[in-house]
Amino acid sequence: MTMRHTAWKKALSNLNTPSTKDLARNNGSYLLPARSTANSGGHSVTFASSYTSISKSQKQKKSLDRDFFVSILETSVTKRDAKAYMNKFVPVLEKKGATGFKQRATQTHPTNSTDSVEAVAVVDAAAATTTTTTTTNKDVAYALKPEADVAIQVPLYVALVKFRAPQEVDDATLDGVGKTLGQLRKLGLISIVVVDCGHAEEDEAIQRQIATVQANRIAMAIDNYDSPGARVIDSPITIDSPGEGHTSPFTSRGLFVGNPNDLMAALQEEVVPVISSFGYTADACTMKPVNVNDAILALTRQLSGLQFLGQPAEEPSVIQTSRSAEVYRLVVLDPLGGIPAKNRATGRHLFLNLEQEFQEVCDDLKTPTTSDSNGPSSVNLQHLENAELAKNVLSLLPPTSSAIITTPWEVASERRPEDNAVDWALVGTRRGQNPLIHSLLTDKPVQSSSLPSERFRPFTSSTGMAQIGSLTTLAKRGMPLTILPDPRVAPWKPPQPGQGGLKLTDPCIDLPRLVNLIEDSFGRKLDVDHYMRRINGNLAGIIIAGEYEGGALLTWEKPVGLDYSEAATSGRLVPYLDKFAVLRKSQGAGGVADIIFNAMVRDCFPEGVCWRSRKDNPVNKWYFERSRGSLKFRDMNWTMFWTTPGLALDEQRFQDYESVCRGVEPSWADKKQVVD
């Protein structure tokens, strides 16, 4: 009898069903997390059988782990991306039991491995983490750290997830979302889900009922993937009377986290907390609906150490967890998808530099959609709310943080069999990558925002709508962009003979910092005098990103055999990218190169520009993807690139481009010429 009882307890421990302590409490009674077969009305509940065989459970777990590893390997992780991810998240994974995986990866894979091997190293770490989840409670008890070591903890990286209108999402898609959130946890990022069901016009009791049902659906979807699952917790938000004056995301007026105990306990156990967008009044402790964006900001302030009002007396463990927690990402799951853009081939901002483009986004979304309407549409207002939330949250976080605005269907999507076919004409647009996993491993959008429109193919989305490219927007606080002269005032045109133009010695240009940028990026000393003499009089403009973190110098070049005035009057001056530089510390991070390249091809030279690069330059892959054409010179060690539409059909212009790319004289102080 004792052996049968022990076997029964062991079988129950392998089932992936929530315990009674994880059930949501509403109005004094516990509600069982339910899987609804309809979005409204009656709800049927699906229970996992207590007699499910252990072998079947193990097979299901292996299948889930296999899908997890495939989703990582499908991500285009470069060596730089993998190094950045491992430097940040390896301590978190080692805390979970993946100790020493870097040494194993180094011994297994040579240091000169290709980019895909770096993804394998990430998989090794995830595999070690996955293995630790199968340890028994007894093993965990022995593995607990002594109390003296608790004070030294690695950061706990958190993703704040705003899930809007989950009642519009079917159960299959919700399962995929829960699966992705579980995979993020295995990769070191724990989510806090805040549910936004809308229905502000409904009675508060009905709002609470809808929110409770949807919160339980989300928790059940996460539970179905892997332990420790999710937990619907009571709202930690306290509603206070806002003081007089203008409210700011940096202040705790109106809402603050007054009871963080349940939230911090869930994070300590690596359980995904699911919170409804409700709060308790500070005076009467009455539950009231709150704005979900304000709730997200309150959680951000609490986890960032910026909540200065309403700080309650907390337990030492709660204080320790709160101090170690760091909001690394904001995720907005909205059926509407990413931020729309009028001047993009995809119709969406794939990458949003908030410092530079936020005002443009606001102006576009506030514009009436039709001549008959008095204001923006409700859809545009919702997009504007998402953009403002991203801006306000990221203003409270370090510059390395980012926001992902996408649809639940893209987060839940998996590679289909027909997606395995390779289309060589569409380099750089491989589909099937999960936007949340891809952005975590690479800190980049699934598809680069600087790709030409030909690189995006139309397809039918999971909702049956035709679309081009991804519906996901990756937003960063970004950096300001300076373009001299400003193309919004007047488009760039070749200077006429005798007409003065921009010079590097102008007071608006910090020449020493510009020279340092070029030398740091190229790793060579610039002959400043020779360079200034060469571009004097034909400088078209300059693009500066941030505080000289990146830049581009563009010129008007004359073909060989023509003088400058003859080329200008005949319209044969060639727009040429003379220098494209990014500080080494900023290369591959923050989208600096994409920001500069987009400004060049969209604002400065929308009709096309050309440049050259050494044939063995490792950046050429990036150039190939963003150019409309290229030509490798047989007798020289140069490759010519251009973005000009239809250049190959214009023989005279093509010859002028080739003449310029062959004839530009280098200006390096070491006098070393490229071996031709």
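Residues numbered from 1 in each chain as written. Predicted model: local features only at pLDDT ≥ 70, side-chain atom pairs only at ≥ 80, totals over all residues. Heavy atoms only, no water.

### Considerations on the nonpolar core
Move 1: One finds Val274, Ile543 and Leu554 to be the most contacted residues of the largest nonpolar core, which totals 73 residues.
Move 2: With eight residues, helix H19 (residues 592–604) is the largest single contributor of residues to this core.
Move 3: What valine 274 contacts, discounting residues up to four positions off in sequence, is Val193, Val195, Ala215, Ile218, Ala219, Ala230, Arg231, Val232 and Ile233.
Move 4: Membership of the second largest hydrophobic core comes to 44 residues, among which are Leu160, Ile190, Ile233 and Leu263. (Core = buried A, V, L, I, M, F, W, Y, C linked by side-chain atoms within 4.5 Å. Buried < 20%, exposed > 50% of the residue type's maximum accessible area, 1.4 Å probe, protein only. Helix = DSSP H or I, 4+ residues; strand = E, 2+ residues; numbered from the N terminus. Contact = heavy atoms within 4.5 Å.)

### So, unusual backbone geometry
Move 1: A cis amide bond, omega -10°, links leucine 484 with the succeeding residue proline 485.
Move 2: Here proline 485 is to be found in the loop between strand E17 (481–484) and helix H16 (511–522).
Move 3: The phi dihedral of cysteine 285 is positive, around 55°, even though this residue is not glycine.
Move 4: Structurally, cysteine 285 can be placed in the loop between strand E9 (278–281) and strand E10 (287–289).
Move 5: By relative accessible area, which is 55% here, cysteine 285 ends up exposed.

### Topic: the sheet that holds E10
By definition, the strands of a sheet pair up through backbone hydrogen bonds, in either a parallel or an antiparallel sense.
Move 1: With mixed pairing, four strands are arranged side by side in an open sheet as E7-E6-E9-E10. Single-partner strands in this sheet number two, and they are strand E7 (255–257) and E10. When the angles between neighbouring strand axes are averaged without regard to direction, this sheet yields 45°.
Move 2: Relative to E7, helix H10 (residues 292–303) is tilted by about 45°, and along the sheet it contacts strand E6 (237–239) and E7. (Pairing = 2+ DSSP bridges. Axes fitted to C-alpha atoms, helices over the stretch in contact; angles between N-to-C directions.)

### Overview of the sheet that holds strand E13 (residues 402–406)
Move 1: Pairing in this open sheet of eight strands is mixed, and the strands run E5-E8-E4-E3-E11-E13-E16-E12 from one edge to the other. Both edges of this open sheet fall to strand E5 (230–232) and strand E12 (351–353), since each of them pairs with a single strand only. On average, adjacent strands in this sheet sit at an angle of 20° to one another, irrespective of strand direction.
Move 2: Strand direction decides the pairing type here: strand E4 (residues 190–196) and strand E8 (residues 272–276), joined by three bridges, are parallel. Bridge pairing in E8 places valine 194 opposite isoleucine 275.
Move 3: Contacting strand E3 (156–164), E4, E5 and E8, helix H9 (residues 261–268) crosses the sheet at an angle of about 155° to E8.
Move 4: Packed onto the sheet, helix H12 (residues 354–366) meets E12 and strand E16 (473–476) and runs at close to 100° relative to E12.

### Here's the deal with H12
Move 1: With 13 residues, H12 should reach 18 Å at 1.5 Å per residue; the first-to-last C-alpha distance of 17 Å fits that figure.
Move 2: Listed in full, the buried residues belonging to H12 are Leu354, Glu357, Phe358, Val361, Cys362 and Leu365. Relative to the axis of H12, the buried residues are bounded by an arc of 155° and lie together on one face.
Move 3: The secondary structure elements touched by the buried residues of H12 are E12, helix H13 (378–395) and E16. (Expected span 1.5 Å × (residues − 1). Arc of directions from axis to C-beta.)

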